[in-house]
Amino acid sequence: MRIGIIGAGNLGIGLAKHLVAKGHSVMLSFSRDREKLQKSASALNAHAGTVAEAAAFGEIVVLATPWGVTSQALAQVGELVEEKILWDCTNALKPDISGLLIGTTTSGAEEIAKLAPWAIVVKAIPPFAELLHSPDMLVEGNPVDVFVCGDDREARGAVAKLVEDIGARPIDAGPLALARYTEPAGMLLVQLAYASGYGARIGFSFHFEKGDQK
Ligand SMILES: NC(=O)c1ccc[n+]([C@@H]2O[C@H](COP(=O)([O-])OP(=O)(O)OC[C@H]3O[C@@H](n4cnc5c(N)ncnc54)[C@H](OP(=O)(O)O)[C@@H]3O)[C@@H](O)[C@H]2O)c1
């Protein structure tokens, strides 16, 4: 599958590494340093492009930008004629990482959907880059769980497949509005990893008996 990634930092590059290894064709974008972007992409056997080029290239577009520049990045997508799945990986972090700027009455994902009318937004916060860049994606021998929310079942399924491809376990968490709760759960992981001393080799492990998921 062709995947355009907006954001070529720790997360964007970590995702690209796994996705290329699984046979996807990846284009990285959104850097203040075009040469660095080109080098990072070449090292991964990926393409480099502008945000507009990556969005046009991707059958799925991945959003991996710091919250403060997310609207700026989305504005660079320009006009897209076809609808695309947008895998939103962002945390709406306060600049000092002490908490979230948005939560419970709306979600970062729902706000992104307003900024990207071309997008079928699916929220799934990937494991920390420290895990993505490590030799395996396992914590205590297990893949970590990633909640996947979105209003379109097929789009959730497509992103769930990519979550598997990066070595995590997708948990179908239903409609996009559930991101109001999965995003604070992501913030909990940030706090546990970086403030409470658990470190970034950390993740959820979700257990359930088969229900009737909507
Ligand atoms: N890192 C993780 O473990 C992780 C895990 C889950 C979710 N997330 C979320 O994923 C998103 C990206 O995180 P990250 O850790 O990959 O961030 P990062 O390493 O800081 O990467 C930021 C990316 O945005 C680009 N960028 C372009 N213009 C920018 C500007 N004006 N200011 C800042 N960056 C600019 C940077 O390019 P240049 O620096 O090359 O210009 C880089 O490609 C965040 O929303 C984060 O909360 C991160």
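Residues numbered from 1 in each chain as written. Predicted model: local features only at pLDDT ≥ 70, side-chain atom pairs only at ≥ 80, totals over all residues. Heavy atoms only, no water.

### Quick look at the site of the ligand
Inference 1: Residues in close proximity to the ligand total 22 residues, the closest being Ala 8, Ser 31, Arg 32, Thr 65 and Ala 129.
Inference 2: Contacts to the ligand include Thr 65, whose backbone N or O atom sits 2.7 Å from an oxygen atom.
Inference 3: Contacts to the ligand include Ala 129, whose backbone N or O atom sits 2.6 Å from an oxygen atom.
Inference 4: When the ligand is considered free in solution it has 890 Å² of accessible area, and contact with the protein chains removes 80% of it.
Inference 5: In terms of residue class, the shell around the ligand is made up of 13 nonpolar, seven polar and two charged. (Near = heavy atom within 4 Å. Polar contact = N/O pair within 3.5 Å; in protein donor to acceptor, adjacent residues only side chain to side chain. Areas by Shrake-Rupley, 256 points an atom, 1.4 Å probe, with all protein chains shown as cover. Nonpolar A, V, L, I, M, F, W, Y, C, P; charged D, E, K, R; others polar.)

### Considerations on a negative patch on the surface
Inference 1: On the surface, Glu 83, Asp 151, Asp 152 and Glu 154 cluster together to form a negatively charged patch.
Inference 2: Assignment of secondary structure puts Glu 154 in helix α7 (residues 153-165).
Inference 3: A relative accessible area of 71% places Glu 154 in the exposed class. (Patch = residues over 30% accessible without salt bridge, like charges linked within 9 Å, V, L, I, M, F, W, Y side chains within 5 Å. Salt bridge = Lys/Arg side-chain N within 4 Å of Asp/Glu carboxyl O. Lys, Arg positive; Asp, Glu negative; His and termini not counted. Charge placed at Lys NZ, Arg CZ, Asp CG, Glu CD. Helix = DSSP H or I, 4+ residues; strand = E, 2+ residues; numbered from the N terminus. Buried < 20%, exposed > 50% of the residue type's maximum accessible area, 1.4 Å probe, protein only.)

### Regarding the pattern of salt bridges
Inference 1: According to the stated counting rule, one finds nine salt bridges in the structure shown.
Inference 2: Residue Glu 110 is joined to Arg 180 by a salt bridge in which the shortest nitrogen-to-oxygen separation is 2.8 Å. Of this pair, Glu 110 sits in helix α5 (residues 108-115) while Arg 180 sits in helix α8 (residues 179-194), and the two are 70 residues apart along the sequence.
Inference 3: You can call Arg 180 partly exposed: its relative accessible area is 24%.
Inference 4: In this structure, the salt-bridge partner of Glu 183 is Lys 123, at a minimum N-O distance of 2.9 Å.

### Thoughts on the side chain of Glu 183
Inference 1: Its location among the elements puts Glu 183 in helix α8.
Inference 2: Taking relative accessible area as the criterion, Glu 183 reaches 4% and is therefore assigned buried.
Inference 3: Beyond its immediate sequence surroundings of up to four residues, Glu 183 is in contact with Asp 88, Leu 100, Ser 107, Gly 108, Ala 109, Lys 123 and Ile 125. (Contact = heavy atoms within 4.5 Å.)

### What about the sheet that holds strand β2 (residues 25-29)?
Inference 1: Ordered in space as β3-β2-β1-β4-β5-β6-β9-β10, the eight strands form an open sheet in which the pairing is mixed. On the outer flanks of this sheet lie β3 (47-49) and β10 (169-172), each paired with one strand and no other. Shown here is a sheet whose adjacent strand axes are inclined to one another by a mean of 30°, direction ignored.
Inference 2: Bridge count for strand β1 (residues 2-6) against strand β4 (residues 60-63) is four bridges, and the pairing is parallel. Each bridged residue has a counterpart across the sheet, and for Ile 5 the counterpart in β4 is Val 62.
Inference 3: Helix α1 (residues 10-21) contacts β1, β2, β4 and β5 (84-88) of the sheet and is inclined by roughly 165° relative to β2. (Pairing = 2+ DSSP bridges. Axes fitted to C-alpha atoms, helices over the stretch in contact; angles between N-to-C directions.)

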